[in-house]
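# Coordinates in review
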Amino acid sequence: MIQLRKANDRGHANHGWLDSWHTFSFADYHDPRHMGFSTLRVINEDFVAPSQGFPTHPHRDMEIITWILEGALEHKDSLGTGSVIRPGDAQRMSAGTGIRHSEFNPSKDETVHLLQIWILPNQQGVTPSYEQKSIAPAELANRLRLVASPNGAEGSVTIHQDARLYVTRLKNGEVTHALAPDRCAWLQVARGELTLNGQKFTAGDGAGIENESRVTLAGGDAEALLFDLP
């Protein structure tokens, strides 16, 4: 069963410096029908204006993954981490007992376009930590590249949850992922157009996938995130 979540049906908030689309309930957007999916709690598609950003704010007991689509984002946190993430960089922050951080667009003229993802952890009160991995474009081309996992397999970032995030960039290609009987999945199309098991999706669309043994994505020019979830 595939449940489509159309891009224009998402929650939307435009704060001027931040234009944000919420796949699931977030901040002032509340929809009891869309509170998350499995352990996936937040997928926000954010556009942050040049020289703007999120001031220092706290998190706890959440696995937070940032995936950049265009531009760059500067990160600083209470662990002393300072870094800039760009397309192809997977950033993971385990908030655990508590962490404070800021995110800022360092460019004077380029908007940064990103996906911010929150996954509920399977442990409460872990020690806060930060991790960042760079993935070469060739590793994403017409394949499902593991980006986040519970054990850091294949050079992925490590999260405290039995969930796996794959990213693909399709160029006249097709990829297939087998789902175990006790697993479900979420697809988020970041750019372009593709088909999921023959059904057409466009940028910003998402889908909850249940009781499917196989997920096949095909597209001429698209980027997508696929979550394998408990």
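The preceding data block contains the structure.
These remarks concern the structure in this document. (Residues numbered from 1 in each chain as written. Predicted model: local features only at pLDDT ≥ 70, side-chain atom pairs only at ≥ 80, totals over all residues. Heavy atoms only, no water.)

## Quick word on the pattern of salt bridges
By the definition in use, this model includes 15 salt bridges. The partner of Lys133 in a salt bridge is Glu131, with the nearest N and O atoms 3.5 Å apart. A residue is classified by how much of its surface remains accessible, and Lys133, at 28% relative accessible area, is partly exposed. In this structure, the salt-bridge partner of Arg164 is Asp162, at a minimum N-O distance of 2.9 Å. Each of Asp162, Arg164, Arg183 and Asp228 takes part in one network of salt bridges that share partners. (Salt bridge = Lys/Arg side-chain N within 4 Å of Asp/Glu carboxyl O. Buried < 20%, exposed > 50% of the residue type's maximum accessible area, 1.4 Å probe, protein only.)

## Focus: the sheet that holds strand S7 (residues 73–77)
The 4 strands lie next to each other as S5-S10-S7-S8, forming an open sheet whose pairing is antiparallel. The open sheet terminates on both sides in strands that have one partner only, identified here as strand S5 (53–59) and strand S8 (82–85). Across this sheet, the average inter-strand angle for adjacent strands is 20 degrees, counted without regard to direction. (Pairing = 2+ DSSP bridges. Helix = DSSP H or I, 4+ residues; strand = E, 2+ residues; numbered from the N terminus. Axes fitted to C-alpha atoms, helices over the stretch in contact; angles between N-to-C directions.)

## Overview of the packing of aromatic side chains
Throughout the structure, instances matching the rule amount to 4 aromatic pairs. Considering the side-chain rings of Trp17 and Phe54, the 5.3 Å spacing of their centres and the 80 degrees angle between planes classify their relative orientation as edge-to-face. Of this pair, Trp17 sits in the loop between strand S2 (11–14) and strand S3 (18–22) while Phe54 sits in strand S5, placing them 37 residues apart in sequence. Owing to a relative accessible area of 25%, Trp17 belongs among the partly exposed residues under this scheme. Taking the centre distance of 5.3 Å and the plane angle of 55 degrees together, the rings of Phe37 and Trp186 count as tilted. Of the two residues, Phe37 is situated in the loop between S3 and strand S4 (40–48) and Trp186 in strand S17 (residues 184–196); the sequence distance between them amounts to 149 residues. (Phe/Tyr/Trp six-rings, centres within 6.5 Å; stacked < 30°, edge-to-face > 60°.)

## Describing the environment of Ile68
By the element assignment, Ile68 lies in strand S6 (residues 63–70). Along the sequence, Ile68 and Val126 sit 58 residues apart, while their C-alpha atoms lie 26 Å from each other.

## Structural notes on the side chain of Asp77
Tracing the backbone through its elements, the reader meets Asp77 in strand S7. Buried charge without a salt bridge: Asp77, with Arg92 as the nearest opposite-charge side chain at an N-O distance of 9.1 Å. Within the local environment of Asp77, its side chain forms a polar contact with the backbone nitrogen of Thr81, the two atoms lying 3.1 Å apart. With sequence-adjacent residues up to four places away left out, Asp77 is seen in contact with Ile99, Arg100, His101 and Tyr130. (Lys, Arg positive; Asp, Glu negative; His and termini not counted. Polar contact = N/O pair within 3.5 Å; in protein donor to acceptor, adjacent residues only side chain to side chain. Contact = heavy atoms within 4.5 Å.)

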